[in-house]
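# Understanding the architecture of this molecule
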Amino acid sequence: MNNMSTSNITTTPTKASTMNETKISARDVQVYYGDKHAIIDVNIEIRPRTVTAFIGPSGCGKSTFLRCINRMNDTIASCRVEGHISIDGENIYDPKVDPVQLRAKVGMVFQKPNPFPKSIYENVAYGPRIHGLARSKADLDELVTSALQKAGLWNEVKDRLDSPGTGLSGGQQQRLCIARAVAVSPEVILMDEPCSALDPIATAKVEELIHELRTNFTIVIVTHSMQQAARVSQRTAMFHLGNLVEENDTDKMFTNPDDQRTQDYIMGRFG
Ligand SMILES: Nc1ncnc2c1ncn2[C@@H]1O[C@H](COP(=O)(O)OP(=O)(O)OP(=O)(O)O)[C@@H](O)[C@H]1O
Ligand SMILES: [Mg+2]
């Protein structure tokens, strides 16, 4: 957090990810649910092609802040977001921004796998179709195949693309949801506890996938598992009572954090 004031939020990232690049910039963000002040003065710069983990005790605001990044909070009537959030220097709360287009650019994977009640193929084809990304059936087939491959699911489903997505195992369903997010070529993928409903084997697969996806996408993941944060992320942000108390390299965060609250949380002293 100490270098915040020196970085330039309007910088457009170049191809290679370097230390000082910014993909997502949040400035003075406040979130209210009615009178409840759920996110207090949050400032953070999220780097491109990096996995950033959000950690902190239950109710500290991780999901609330994550949902600010693709304006999912717009769908909650009592919720009000203030401050500035930009992606590649563009204000995502500008009235000109269409939230539907924004959510194609900033995809989301939820805690509970939520495939549509449609075939495996249709689950993945839906996004490219509504966003007009395929010119022909062959194009669409290719997009679906490629997304399922990127999500590490292709080999398991290639012979059953017409079967319902809901008929897959929980871990497969979560990878289907990741394929669905990836299919529209997002730039950012937000994941809110994507492995909490999965067994250790399925979790390992999703973690491996996150590792691979980082080559092309900026990933923000909320997790309650310190081991998972340490395994998958390069940067970690610690929230507490609506405040962002520390953001640091993951290695440092788990060995020598700057903030006592981080230290207490990772040692299991609260939360
Ligand atoms: N839809 C809502 N309406 C009112 N208050 C809400 C709503 N969603 C969240 N809150 C409140 O905002 C605060 C932050 O909640 P949030 O869900 O962001 O926490 P979290 O860190 O994701 O917690 P968890 O780890 O349990 O998922 C909590 O006090 C919560 O009760
Ligand atoms: Mg949450």
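The sections below set out a description of the structure shown in this document. Predicted model, so just to flag it, every value in this text is computed and none were measured.

Right, let's talk about the overall build of the protein for a bit. Helices and strands together make up the secondary structure of the protein, namely 10 helices and 10 strands. Counting only C-alpha atoms, the protein reaches 50 × 45 × 40 Å along its principal axes. Evaluated residue by residue, the protein yields a buried proportion of 51% over its 271 residues. Residue pairs at least 24 apart in sequence account for 65% of intrachain contacts in the protein once pairs closer than 6 positions are excluded. By element, 50% of the accessible surface of the protein is carried by carbon and sulfur atoms, the whole surface being about 12,800 Å². The protein carries 30 positive and 32 negative side-chain charges, and their two centres are separated by 3 Å.

Our next topic: the sheet that holds strand β2 (residues 36-46). Taking strand neighbours across the sheet as the criterion, the four strands line up as β2-β1-β4-β5 in an open arrangement whose pairing is antiparallel. In this open sheet, the two strands that pair with only one neighbour each are β2 and β5 (90-91). Direction of pairing for strand β1 (residues 24-33) relative to β2: antiparallel, over a ladder of seven bridges. Bridge pairing in β2 links Val-29 to Val-42.

Close contacts around ligand 1 come from 14 residues, with Ser-58, Gly-59, Lys-62, Ser-63 and Thr-64 the closest. Between an oxygen atom of ligand 1 and a main-chain N or O atom of Gly-61, the distance comes to 3.0 Å. The contact in question runs from an oxygen atom of ligand 1 to an N or O atom on the side chain of Lys-62, over 2.7 Å. The protein chains hide 65% of the 640 Å² of surface that ligand 1 would expose on its own. Those elements that place two or more of their residues in the shell around ligand 1 are β2 and α1 (62-68). Considering every element that reaches the shell around ligand 1, the biggest residue donor is α1, with three residues. Split into classes, the residues belonging to the shell around ligand 1 amount to five nonpolar, six polar and three charged.

Another aspect to go through is the pattern of salt bridges. Per the counting criterion, the structure on display carries 15 salt bridges. A salt bridge links Glu-82 to Arg-80; the shortest N-O distance between them is 3.4 Å. Judged by relative accessible area, Glu-82 falls into the partly exposed class, the value being 33%. The class for Arg-80 is partly exposed, based on a relative accessible area of 40%. One salt bridge in this structure joins Asp-94 and Lys-96, with 4.0 Å as the shortest N-O distance. Three or more residues are tied together by salt bridges with common partners; here these are Lys-23, Asp-88 and Glu-187.

Pairing of β1 with strand β4 (residues 79-87), which is carried by eight bridges, proceeds in the antiparallel orientation. By the bridge assignment for β4, Arg-27 is matched with His-84. Two elements, β4 and β5, share two bridges in a ladder whose sense is antiparallel. Within the sheet, the bridge partner assigned to Ile-87 lies in β5 and is Glu-90. Count of turn residues in the β4/β5 antiparallel hairpin: two residues, of which Asp-88 carries a positive phi of about 50 degrees.

Attention now moves to unusual backbone geometry. Positive phi outside glycine occurs at Asp-41, with the angle close to 50 degrees. Phi angles above zero are rare outside glycine, and Asp-88 is one such case at about 50 degrees. Summarising the element assignment, Asp-88 is placed in the loop between β4 and β5.

Basis of the calculations
- Residues numbered from 1 in each chain as written.
- Chains lettered and ligands numbered in written order.
- Predicted model: local features only at pLDDT ≥ 70, side-chain atom pairs only at ≥ 80, totals over all residues.
- Heavy atoms only, no water.
- Helix = DSSP H or I, 4+ residues; strand = E, 2+ residues; numbered from the N terminus.
- Buried < 20%, exposed > 50% of the residue type's maximum accessible area, 1.4 Å probe, protein only.
- Contact = heavy atoms within 4.5 Å.
- Areas by Shrake-Rupley, 256 points an atom, 1.4 Å probe, with all protein chains shown as cover.
- Lys, Arg positive; Asp, Glu negative; His and termini not counted.
- Charge placed at Lys NZ, Arg CZ, Asp CG, Glu CD.
- Pairing = 2+ DSSP bridges.
- Near = heavy atom within 4 Å.
- Polar contact = N/O pair within 3.5 Å; in protein donor to acceptor, adjacent residues only side chain to side chain.
- Nonpolar A, V, L, I, M, F, W, Y, C, P; charged D, E, K, R; others polar.
- Salt bridge = Lys/Arg side-chain N within 4 Å of Asp/Glu carboxyl O.

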